[in-house]
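# Structural overview
Spelled out, the chains give:
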Amino acid sequence: MSTVIQKFILAAVTTSPERVPAGTAVFHCKTIEELQKVCNNLEAILDGIAHELDEGLFIIVKH
């Protein structure tokens, strides 16, 4: 029986890269405006969804 992974984290987008664990693709942004723009672009490029975990920290998830 094979297991298919259907949900996973593609990347983290943050203004504080020290908050993201090692092994995660991280996009570091200097401002909230830049963070929102990067999230919007990554959603389209990666066919994922951005979820805000905290102020200045988003993850891009594949559902």
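Structure: see above.
Just so we're clear, the structure is a prediction, and the values are computed from it rather than from any experiment.

## Let's talk about unusual backbone geometry
- The backbone of Asp47 shows a phi angle near 55 degrees, a positive value even though the residue is not glycine.
- Note on placement: Asp47 falls in the loop between helix 1 (32-46) and strand 3 (49-54).

## Topic: the sheet that holds strand 2 (residues 26-28)
- The strand order across the open sheet built from four strands is 2-1-4-3, with neighbouring strands paired in mixed fashion. Edge strands, defined here as strands with exactly one partner in the open sheet, are strand 2 and strand 3. For this sheet, the mean angle separating the axes of adjacent strands, direction not counted, is 25 degrees.
- As paired elements, strand 3 and strand 4 (residues 57-62) share five bridges and run antiparallel to each other. Counterpart to Glu52 in the pairing with strand 4 is Phe58.
- Together, strand 1 (8-14), strand 2, strand 3 and strand 4 form the strand contacts of helix 1, whose direction differs from that of strand 4 by roughly 5 degrees.

## A few points about the environment of Asp47
- Among the residues examined, Asp47 registers a relative accessible area of 55% and is labelled exposed.
- Linking Asp47 and Thr14, residues 33 residues apart in sequence, is a C-alpha distance of 19 Å.
- Looking at Asp47, its side chain comes within polar contact range of the side chain of Lys62, at 3.0 Å.

## Thoughts on the side chain of Thr14
- By the element assignment, Thr14 lies in strand 1.
- Thr14 sits in the buried class, given a relative accessible area of 0%.
- A polar side-chain atom of Thr14 sits 2.8 Å from the main-chain amide nitrogen of Ser16.

Rules of the game
- Residues numbered from 1 in each chain as written.
- Predicted model: local features only at pLDDT ≥ 70, side-chain atom pairs only at ≥ 80, totals over all residues.
- Heavy atoms only, no water.
- Helix = DSSP H or I, 4+ residues; strand = E, 2+ residues; numbered from the N terminus.
- Pairing = 2+ DSSP bridges.
- Axes fitted to C-alpha atoms, helices over the stretch in contact; angles between N-to-C directions.
- Contact = heavy atoms within 4.5 Å.
- Buried < 20%, exposed > 50% of the residue type's maximum accessible area, 1.4 Å probe, protein only.
- Polar contact = N/O pair within 3.5 Å; in protein donor to acceptor, adjacent residues only side chain to side chain.

Structural measurements only, silent on function.
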